[in-house]
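# Structural overview for review
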Amino acid sequence: MAMKFPASGRWITGAGPVLQSTNPATGLVHAEIGTPSSEEIAQACAFAAESAAAKSWRDLKPHQRADYLHRIANGISHGLDDLAQAQMIENGKTLKECRQQAASAAATFRYYAAVCETMESAVPPSRGDYLVVTTFEPYGVVAAITPWNSPLTMEAQKVAPALAAGNTVVLKPSEVTTLPSLSLARICEEAGLPSGILSVLPGYGRDVGTSLLAQREVRMVSFTGGTETGRAIAQTAAKRLIPAALELGGKSPHIILEDADIDAACAGVVDGIFEGMGQSCVAGSRLFVPRARHDEIVDILVRKAESIRLGQPTGPDTELGPLSSHHHRDKVADYVDLARKEGASIATGGSRPSGSEFDNGAFYQPTIITGLTNAARVCQEEIFGPVLCVLPFDNEQDLVEQANDTAFGLACGIWTSDYRRAWRISRAIDAGTVWVNTYKQLSISAPFGGFKDSGIGREKGLSGMRLYQQAKSTYFSMK
Ligand code: TXE
């Protein structure tokens, strides 16, 4: 029987088509999951709205709401292995990385428990005989739509602040990775969270996702995913006049300057693109190097890339598992073929690995491409796989122009021993996050989001809580 999901205050199998969940490391279907019909989606949203308005949720004091978040965090910590397994079996990340991500999800709930208890209302200066108090109110029902690359962390990043802010959440996970959200919902239930506060609606974006956003009870949408889907969601939100927080794709420049510690920089570049098989919105997929050092740097990168151990995600020595699905692996392979047609040289990788261990899984070799310009399609479009394009630059102006010559603006990495220069370049680059002599260093307490086509709004940090609130100013006459 298909797995149930929580909607309208109970776990149901749903009258929609059954979703098959495939393990990308083996190609085998390991679970069937129920999905909701359009009536069930409407009922779930109506119930979520009632739950948002119920005094038992709406009137909770911040410390009481924080208590729920602490209990959920504890539940995640206790269920760490199960959560990690649930993600690994669906998206192929190594068990080690999945465990780290589950631990990070628990930390996110703890952080927003603290934010919830300590975030203050405001008393703006009066311009007359009155007192004005600005409070921050929930929207009501928040739709959270999430992708498959890191569901454990991304779902925590949306659900924790949205609940802390007093909303109820209807979560639509990616059709590729439903199990982690079902596990999270179970944990929330066991933590005593009343039914209707968190619902999960599994299914495809084109039907469950669009139907969810059409419900009038949905008052805000928080989305992480591809830029084209983000654009479609923004259009729906604009028509409905509801706010949309969008965390979208990237084509982030990773920069090595002449005076960098080249070996440390190359290690950072390799991790920055290949960790998680490049399926990360902040992957440093375009590497800019001084023209005179190009060949030397490529040689080091090739050596490092070829030493990465690919294997089954459960293997204790495995550093990289498969891509998240066979469909996505084929898309990555198509991009590498396109690079060849565009005249690229493939310095390493460029095909599926050989060996019986890899035959049925969605594996692909870490790949380094040289010989193109920044205008090539593979340097402009998000591949979202283990593919690095190396591009030479001539001087700082040329570097900044090339780095910014992209539709995206999510992240950037700079390796140098000159912090003044790093600061100057950091200020000149269009990106929501810049790393100097490190890469992919992330903190729940720092705002995160994109410039340009990489998104709208900032998750994480205090702004990550405000994202799910609307300001209300109440005036008291003092005459
Ligand atoms: O993402 P989608 P896909 C990028 C990456 C990848 C590309 C496509 O380049 O190759 O996007 O991936 C739901 N209304 N990123 O197709 O479509 C969908 O069901 C409502 C970057 O998997 O963006 C899923 O839950 N919902 C990225 C979620 O949107 C819709 C992470 C994301 O799927 C919908 C993932 C619709 N019309 C992919 N259409 C990042 N920023 O980290 C789809 N969905």
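Residues numbered from 1 in each chain as written. Predicted model: local features only at pLDDT ≥ 70, side-chain atom pairs only at ≥ 80, totals over all residues. Heavy atoms only, no water.

## Considerations on the site of the ligand
If you check the shell around the ligand, you find 27 residues, and the closest are Trp-148, Lys-172, Glu-175, Lys-331 and Glu-382. Lys-172 places a side-chain nitrogen or oxygen 2.6 Å from an oxygen atom of the ligand. Here an oxygen atom of the ligand and a side-chain polar atom of Glu-382 are 2.7 Å apart. Isolated, the ligand exposes 810 Å² of accessible area, and the fraction of that covered by the protein chains is 85%. (Near = heavy atom within 4 Å. Polar contact = N/O pair within 3.5 Å; in protein donor to acceptor, adjacent residues only side chain to side chain. Areas by Shrake-Rupley, 256 points an atom, 1.4 Å probe, with all protein chains shown as cover.)

## As for the domain arrangement of the protein chain
A common way to report how large an interface is uses the accessible area buried once the components associate. Each domain of the protein chain was delimited in the assignment, giving domain 1 (5–248 + 454–477) and domain 2 (253–443). Roughly 1,800 Å² is buried in total at the junction of domain 1 and domain 2, and carbon and sulfur atoms are behind 57% of that figure. Across the domain 1-domain 2 interface, the total number found is zero salt bridges. At the junction of domain 1 and domain 2, the tally comes to seven residue pairs in polar contact (both at pLDDT 80 or more). Those elements giving two or more residues to the side of domain 1 that touches domain 2 turn out to be α4 (80–91) and α5 (95–118). Element by element, the count of residues in the side of domain 1 that touches domain 2 is highest for α4, at three residues. The residue inventory of the side of domain 1 that touches domain 2, partitioned by class, reads seven nonpolar, eight polar and five charged. (Domains from an automatic or database assignment. Buried area = accessible area lost by both parts, 1.4 Å probe. Salt bridge = Lys/Arg side-chain N within 4 Å of Asp/Glu carboxyl O. Helix = DSSP H or I, 4+ residues; strand = E, 2+ residues; numbered from the N terminus. Nonpolar A, V, L, I, M, F, W, Y, C, P; charged D, E, K, R; others polar.)

## A short note on the sheet that holds strand β12 (residues 286–290)
The seven strands are arranged β13-β14-β15-β12-β11-β16-β17 in an open sheet whose pairing can be described as mixed. Here the strands that pair on one side only, and so sit at the sheet edges, are β13 (345–348) and β17 (433–436). Across the sheet, the axes of successive neighbouring strands diverge by a mean angle of 25°, strand direction being ignored. Across five bridges, the pairing between β12 and strand β15 (residues 387–393) is parallel. In the strand pairing of β15, Phe-288 is matched with Leu-391. (Pairing = 2+ DSSP bridges. Axes fitted to C-alpha atoms, helices over the stretch in contact; angles between N-to-C directions.)

## Side note on the layout of surface pockets
For the second largest pocket, the calculated volume is near 1,100 Å³. Around the second largest pocket, the lining is made up of 40 residues, and of these Glu-97, Gln-100, Gln-101, Glu-275 and Lys-440 lie nearest the centre. Mapped by element, the contributors of at least two residues to the lining of the second largest pocket are α5, α6 (151–164) and α10 (262–274). The dominant element in the lining of the second largest pocket, judged by the number of residues it contributes, is α5, at eight residues. The residue inventory of the lining of the second largest pocket, partitioned by class, reads 14 nonpolar, 17 polar and nine charged. Both domain 1 (5–248 + 454–477) and domain 2 (253–443) contribute no fewer than three residues apiece to the lining of the second largest pocket. (1 Å grid on protein atoms, 1.4 Å probe; cavity = no way out; pocket = protein on both sides within 12 Å on 5 of 7 lines; lining within 4 Å. Points joined across faces, edges and corners; volume = space filled by probe spheres on them.)

## Structural notes on the side chain of Thr-146
Inspection of the secondary structure assignment puts Thr-146 in the loop between β6 (141–145) and α6. On the basis of relative accessible area, Thr-146 is assigned to the buried category, the value being 4%. Here Thr-146 is in contact with Glu-155, Lys-158, Leu-171, Lys-172, Pro-173, Ser-174 and Thr-224, once residues within four sequence places are set aside. (Buried < 20%, exposed > 50% of the residue type's maximum accessible area, 1.4 Å probe, protein only. Contact = heavy atoms within 4.5 Å.)

## Thoughts on the packing of aromatic side chains
What characterises a pair of aromatic rings is the spacing of the ring centres plus the angle enclosed by the ring planes. With the rule as written, the count across this model stands at six aromatic pairs. Between the aromatic rings of Trp-435 and Tyr-439, the centroid separation amounts to 4.6 Å while the plane-to-plane angle is 55°, which identifies the pairing as tilted. Across the pair, Tyr-439 and Trp-435 agree in class, each one buried. Just above the ring of Trp-11 sits the side chain of Arg-186; from NZ or CZ to the centre is 3.6 Å. In this arrangement the basic side chain of Arg-466 is found over the ring face of Phe-136, its NZ or CZ atom lying 3.5 Å from the centre. (Phe/Tyr/Trp six-rings, centres within 6.5 Å; stacked < 30°, edge-to-face > 60°. Lys NZ or Arg CZ within 6 Å of the ring centre and 35° of its normal.)

## Notes on the packing of α10 against helix α11 (residues 294–306)
It is the contact of α10 with α11, at a shortest axis distance of 10 Å, that shows an interaxial angle of 55°. As summarised for this structure, α10 and α11 are arranged oblique, according to the angle between their axes. Helix-helix and strand crossings are classified by hand; for α10 and α11 the assignment is right-handed. Only Ile-297, Ile-300, Leu-301, Lys-304 and Ala-305 of α11 make contact with α10, whose side of the interface consists of Ile-262, Asp-263, Cys-266, Ala-267, Val-269, Val-270 and Phe-274. (Parallel < 35°, antiparallel > 145°, perpendicular 65-115°, else oblique. Left-handed = near helix turned anticlockwise from the far one by under 90°.)

## Re the environment of Gly-128
Checked against the element boundaries, Gly-128 lands in the loop between α5 and β5 (130–138). When the C-alpha positions of Gly-128 and Lys-479 are compared, they lie 9.3 Å apart, and in sequence the two are 351 residues distant.

## Side note on the environment of Lys-96
For Lys-96, the location among the structural elements is in helix α5. Among the residues examined, Lys-96 registers a relative accessible area of 61% and is labelled exposed. Separated by 219 residues in the primary sequence, Lys-96 and Gly-315 have C-alpha atoms spaced 9.4 Å apart.

## Details of the nonpolar core
Ranked by internal contacts, the top residues of the largest apolar core, which has 75 residues, are Ile-72, Ile-76, Phe-109, Leu-163, Leu-193, Leu-201 and Leu-212. Per element, the largest residue contribution to this core is nine residues, and it comes from α5. Residues within four places of Leu-193 in sequence aside, it is in contact with Trp-57, Tyr-68, Ile-72, Leu-163, Cys-188 and Leu-198. In terms of nonpolar packing, the next biggest core, distinct from the first, is built from 59 residues, Ile-262, Phe-288, Val-387 and Val-390 among them. (Core = buried A, V, L, I, M, F, W, Y, C linked by side-chain atoms within 4.5 Å.)

## With respect to the pattern of salt bridges
Counted under the stated rule, the structure contains 23 salt bridges. Of the charged contacts, one joins Arg-186 and Glu-189 as a salt bridge, the two residues approaching to 3.3 Å between their closest N and O atoms. Taken together, the positions of Arg-186 and Glu-189, both in helix α7 (residues 179–190) and three residues apart, correspond to about one turn of that helix. The partly exposed category is assigned to Arg-186, whose relative accessible area is 37%. Since its relative accessible area comes to 41%, Glu-189 is described here as partly exposed. Between Asp-430 and Lys-452 there is a salt bridge whose closest N-O contact spans 3.4 Å. Taken as a pair, Asp-430 in the loop between α15 (419–428) and β17 and Lys-452 in the loop between β17 and β18 (455–456) lie far apart in primary sequence, 22 residues in all. Residue class for Asp-430 comes out partly exposed when judged on its relative accessible area of 28%. Connected via shared salt-bridge partners are Glu-258, Glu-396, Arg-421 and Arg-424.

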